[in-house]
Amino acid sequence: MPLTNQQILGRAFLRPLYADPYFPDHVVDRGRAILVRLCERIEAERPSDLTALYVLTHAATDEFNALEAEFEAAGSELETTAREAIGEEFWFVASAYDFPDADAEELIATREW
């Protein structure tokens, strides 16, 4: 299902990570794909409240947890810059889908990074 949200379509996800050579693009691409899949799920499932949204964001956060090993294998890690960039993207997604009151920490509460 193609994305329809114009804010999402215009967003360059994880730009700070692409701009920093410490983060390998091929692994950042996988992180970007996680965020796009999250958006696709939000558009398909249309969560009716924050609880339903958090179920989706926690699943996406779990995917980032698994991706951490790939960052490490490539000589990188999900450190402060990455954590902040990823967290900001989750909050952007929530806001773009009309959940401006989403708790930024709760969106990624299952994180291990």
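This text gives an overview of the structure that appears in the document. (Residues numbered from 1 in each chain as written. Predicted model: local features only at pLDDT ≥ 70, side-chain atom pairs only at ≥ 80, totals over all residues. Heavy atoms only, no water.)

On to the nonpolar core. Ile8, Phe13, Phe64, Phe90, Val93 and Tyr97 are the most contacted members of the largest nonpolar core, which has 36 residues in total. Those elements that place two or more of their residues in this core are α3 (25-45), α4 (50-73) and α5 (80-96). Not counting chain neighbours up to four residues away, the residues in contact with Phe90 comprise Leu35, Leu38, Thr57, Ala60, Thr61, Phe64, Leu107 and Ile108. (Core = buried A, V, L, I, M, F, W, Y, C linked by side-chain atoms within 4.5 Å. Buried < 20%, exposed > 50% of the residue type's maximum accessible area, 1.4 Å probe, protein only. Helix = DSSP H or I, 4+ residues; strand = E, 2+ residues; numbered from the N terminus. Contact = heavy atoms within 4.5 Å.)

Moving on: the packing of aromatic side chains. Counted under the stated rule, the structure contains four aromatic pairs. Centroid distance Phe64 to Trp113: 6.2 Å. Interplanar angle 65°. Geometry classified as edge-to-face. Of this pair, Phe64 sits in helix α4 while Trp113 sits in the segment after α6 (104-107), and the two are 49 residues apart along the sequence. Judged by relative accessible area, Trp113 falls into the buried class, the value being 8%. Above the face of the Phe92 ring, Arg11 is positioned so that its terminal group lies 3.9 Å from the ring centre. (Phe/Tyr/Trp six-rings, centres within 6.5 Å; stacked < 30°, edge-to-face > 60°. Lys NZ or Arg CZ within 6 Å of the ring centre and 35° of its normal.)

Here the focus is α5. Helix length check: α5, at 17 residues, gives a terminal C-alpha distance of 24 Å against a target of 24 Å (1.5 Å per residue), a fit within 8%. Residues of α5 that are buried in the fold lie against α1 (6-9), α2 (15-19), α3, α4 and α6. Sitting at the amino-terminal end of α5 is Glu79, which places a side-chain oxygen 3.1 Å from the backbone nitrogen of Thr81. Asp98, located one to two residues past α5, shows a positive phi value of around 65°. (Expected span 1.5 Å × (residues − 1). Polar contact = N/O pair within 3.5 Å; in protein donor to acceptor, adjacent residues only side chain to side chain.)

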